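Architecture at a glance
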Amino acid sequence: MATAMTLSCRTDRLADGGPGTPPATRDPAVLLKYAQLCLQTGRTGRARQVLDWIGPPSPDWTPQQLQGLLTLAEKTGGTDAAEQALRVLLAMDRIPHPVALYILRMAQSGDDAELALRLRDLLEEKFSHSQRAQFRSRSLLAMLGPIQALAQLRRRPAPPRGPSEAVALAELLAQAGARRLCLRYLRACRHRWPGSFPLLRQQISALTQFGAAEEALALIDRAPAEIGRAEIARLRLGAFFALGRLQDAQALLDEAGRMNVTLAGGQLRMMLKIAFEDTAGAEALVPLMVAQTGRSEQTMAQFRISHLGGLLNELQLLARIDAPQEELQRDFYFPARRSIGAWQAASPRPAPCGAQSAIPRLVLQYWDSDDIPPAIGEVMQSWQDIPGYSYRRFTRRSALDFLKTRFDSAHVRAFKLANSPAEECDFLRLCLLAAEGGIYVDADDLLVGDPEELRGLGSGLVLYQESFGAVGNNIIAARPGHDCLRLAAGMARESLLARENDITWSKLGPGLITRALAVHLGARAPGDPEGDVVLAPEQVFRRTVQMHMAMPYKSTPDYWNSHDGQTPPEIMAVLASFAESQGAA
């Protein structure tokens, strides 16, 4: 596969005669591609120079070119060019769905919900009546969350739908957890439009999301050849990732590379390199990752403190440490993950224990205040009133009361030192489960099945393994006093009291759970029951729980895992001015 650097050099020859020389072409498509490749190869100064050569955009530019200029201008500090591109875009009578959704996400990232809602209504007017249903479905999903968006659509008369509108509705049904209806609707749509590849792709996506990735793979194997080898390979790659079949995914990417075909973006490729502990390969992808995320020249610094950046930093550090693996697994993720892999290979998978599980029928959740956003409240409601189960939701105040009663002052102080509600939640869940047991579940996870399916997987501690090897922490089921969770709570307390500056994922989230589990397994007595710890594949949990629901707050800059940061005030001013002018009109 041609590298970004190779492509950049080729475009050098097409675009200009050498450094500092004005371009030989004024074609915005060529120059924008050249500037993008410069960013992907770490040549930010060169990209800024190319954008200067491009000059102000004109109304005859395509919406996609204007979006490209807007994105590149933000990354290179070209505020004026970004404002100009956005003004031209907003003045257009028609805008494609992806571009309109991009503008909407900018407003959300500016943390102005009222402006974002006003813009959504104005952007909808830029579509013909036949296209509005598709935009309405996806924009309401972004603004309101899936459950409220679906409720709003059901209250409106449905216009005649084509395949594109059917895909958008099926996507919303899937996101809202309406699984049976979603799959039934997709089967009916594919019967009506058998040649629609987007419908097939959505059906495969839904099956994977619902914990049926093996069924999705079988569907891919039966896909008609006219779809094209590259498209089928992309579908298969997604199923491999969902199943944790990383070796198969890498083989597929290698084969595509030999055919000069790109199957995955920079983030997935870097995740795979990191999963295989390929430090050099991951380092080579950093410029591409930086080019694809963030809004400013500070993106490189932001990447280094991101989830993937932190994992790459650890790989680089481990290369300089010479110590036995068992001495490193308490403090480092990768040695811990290796130890868990060895345990999995040596231990037979225990049979589910069903109703004999020692895990209490108790659901535990946390939201830092009594003021729960409606989109979140609807998801949390799915865990309440389960027959035979008790339910307890904690706020920051009740969490502090619990820690004061059941633990000591060090735990209270650690909780108060958390940097965000996400860190409070991660620490509290470990303490709650260590003391009370039960099922802890994050506020953005929707119950779509029977929780007994999870509880009955094991008798002591039930966890799941994410696709790339980490042990997930958003859903944990445990009996009271489990040694692994007491260990994890102690490690989390130490990290908070020491005011460690690791990212939340490493310090208190899946990175911590992975390390604690490795230490626990290494210290386990030979006579401990085999089914005391169960580490299930993620797909098993997905059959019962809709994980990580799409929520409006995740698009705001305050979200702990936000990638792009806050929209600059100059851009927000353009959006506000547009909304105001349309209101006056």
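Just so you know, these numbers come straight off a predicted model, no measurement behind them. (Residues numbered from 1 in each chain as written. Predicted model: local features only at pLDDT ≥ 70, side-chain atom pairs only at ≥ 80, totals over all residues. Heavy atoms only, no water.)

The next point concerns the overall build of the protein. Helices and strands together make up the secondary structure of the protein, namely 32 helices and eight strands. Within the protein, the proportion of its 585 residues that are buried is 53%. Counting contacts in the protein only where the partners sit at least 6 residues apart, residues at least 24 apart contribute 70% of the total. Summed over its atoms, the accessible surface of the protein is roughly 25800 Å², and 51% of this surface lies on carbon and sulfur atoms. (Helix = DSSP H or I, 4+ residues; strand = E, 2+ residues; numbered from the N terminus. Buried < 20%, exposed > 50% of the residue type's maximum accessible area, 1.4 Å probe, protein only. Contact = heavy atoms within 4.5 Å. Areas by Shrake-Rupley, 256 points an atom, 1.4 Å probe, with all protein chains shown as cover.)

For the rest of this paragraph, the subject is the packing of helix α11 (residues 179–192) against helix α12 (residues 197–209). Remark: α11 packs on α12, axes separated minimally by 10 Å, with the N-to-C direction vectors making an angle of 155°. The pairing of α11 with α12 is recorded here as roughly antiparallel in orientation. Of the two elements, α11 crosses α12, and the hand of that crossing is left-handed. When α11 is examined against α12, the residues Arg179, Cys182, Leu183, Leu186, Arg187, Cys189 and Arg190 are found in contact with a partner set consisting of Leu199, Leu200, Gln202, Gln203, Ala206, Leu207 and Gln209. Here the residues of the contact of α11 with α12 are counted per class, giving eight nonpolar, three polar and three charged. (Axes fitted to C-alpha atoms, helices over the stretch in contact; angles between N-to-C directions. Parallel < 35°, antiparallel > 145°, perpendicular 65-115°, else oblique. Left-handed = near helix turned anticlockwise from the far one by under 90°. Nonpolar A, V, L, I, M, F, W, Y, C, P; charged D, E, K, R; others polar.)

With that settled, the discussion passes to the state of the cysteines. If you walk through the whole model with that rule in mind, you get zero disulfides. Residue cysteine 189 stays outside any disulfide, its sulfur separated by 9.6 Å from that of cysteine 182, the closest cysteine. (Disulfide = S-S within 2.5 Å.)

Take the side chain of threonine 544 next. Residue position: threonine 544 is located in the loop between α31 (538–542) and β8 (545–546). We classify threonine 544 as buried; its relative accessible area is 4%. Those residues in contact with threonine 544 that lie beyond four places of it in its chain are Leu446, Leu447, Val448, Gly449, Asp450, Pro451, Glu453 and Leu454.

What follows deals with the side chain of glutamate 424. Residue placement: glutamate 424 occurs in helix α26 (residues 421–436). The buried category is assigned to glutamate 424, whose relative accessible area is 6%. Residues contacting glutamate 424, with those up to four places away along its chain left out, are Tyr366, Asp368, Arg396, Phe415 and Ala418.

Looking now at helix α14 (residues 229–243). Given a rise of 1.5 Å per residue, 15 residues ought to cover 21 Å, and the 21 Å separating the end C-alpha atoms of α14 matches this to within 8%. Inspection of α14 places Ile232, Ala233, Leu235, Leu237, Ala239, Phe240, Phe241 and Ala242 among the buried residues, and these make up the whole buried set. Where the residues of α14 are buried, they touch α12, α13 (213–221), α15 (246–258), α16 (266–275) and α31. One or two positions beyond α14, positive phi appears at glycine 244, with a value near 75°. (Expected span 1.5 Å × (residues − 1).)

Moving on: the layout of surface pockets. To locate leftover empty space, one rolls a probe as large as a water molecule over the atoms. Taken as a whole, the second largest pocket holds about 660 Å³ of empty space. Surrounding the second largest pocket, 34 residues form its lining, Gln344, Arg349, Leu535, Ala536 and Pro537 being those nearest its centre. Of all the secondary-structure elements, those providing two or more residues to the lining of the second largest pocket are α13, α14, α22 (333–346), β7 (533–537) and α31. Considering each element in turn, the lining of the second largest pocket owes the most residues, five residues, to β7. In terms of residue class, the lining of the second largest pocket is made up of 19 nonpolar, eight polar and seven charged. (1 Å grid on protein atoms, 1.4 Å probe; cavity = no way out; pocket = protein on both sides within 12 Å on 5 of 7 lines; lining within 4 Å. Points joined across faces, edges and corners; volume = space filled by probe spheres on them.)

At a closest axis distance of 8 Å, the pairing of α26 and helix α28 (residues 483–497) adopts a crossing angle of 145°. Here α26 runs over α28; the crossing is left-handed. For the pair α26 and α28, the contacting residues are Glu423, Phe427, Leu430, Cys431, Leu433 and Ala434 in the first and Leu485, Arg486, Ala488, Ala489, Ala492, Arg493 and Leu496 in the second. Per-class residue counts for the contact of α26 with α28 are ten nonpolar, no polar and three charged.

Further remarks concern α22. If you check α22, its first and last C-alpha atoms are 20 Å apart, about what 14 residues at 1.5 Å a residue would give, namely 20 Å. Contact partners of the buried residues in α22: α16, α20 (307–318), α21 (325–328), α29 (504–507), α30 (510–523) and β7.

In this section: the packing of aromatic side chains. Throughout the structure, instances matching the rule amount to eight aromatic pairs. Aromatic side chains tyrosine 464 and phenylalanine 541 sit 5.0 Å apart centroid to centroid with 45° between the ring planes, which places their arrangement in the tilted category. With a gap of 77 residues between them, tyrosine 464 in strand β5 (residues 461–465) and phenylalanine 541 in helix α31 connect regions that are remote in the sequence. The structure contains a cluster of three or more aromatic residues connected by ring pairs, namely Tyr333, Phe334 and Trp505. (Phe/Tyr/Trp six-rings, centres within 6.5 Å; stacked < 30°, edge-to-face > 60°.)

Further remarks concern the sheet that holds β7. As summarised here, the arrangement of the six strands in space is β2-β1-β3-β6-β5-β7, forming an open sheet in which the pairing is mixed. Whereas interior strands pair on both sides, the edge strands pair on one side only; in this sheet they are β2 (390–394) and β7. Put simply, the sheet's adjacent strands are angled 20° from each other on average, direction ignored. (Pairing = 2+ DSSP bridges.)

This brings us to the pattern of salt bridges. Overall, the coordinates contain 24 salt bridges when judged by the stated rule. We note a salt bridge from arginine 455 to glutamate 452, for which the minimum N-O separation is 3.2 Å. Taken together, the positions of arginine 455 and glutamate 452, both in helix α27 (residues 452–455) and three residues apart, correspond to about one turn of that helix. What makes glutamate 452 partly exposed here is its relative accessible area of 24%. (Salt bridge = Lys/Arg side-chain N within 4 Å of Asp/Glu carboxyl O.)

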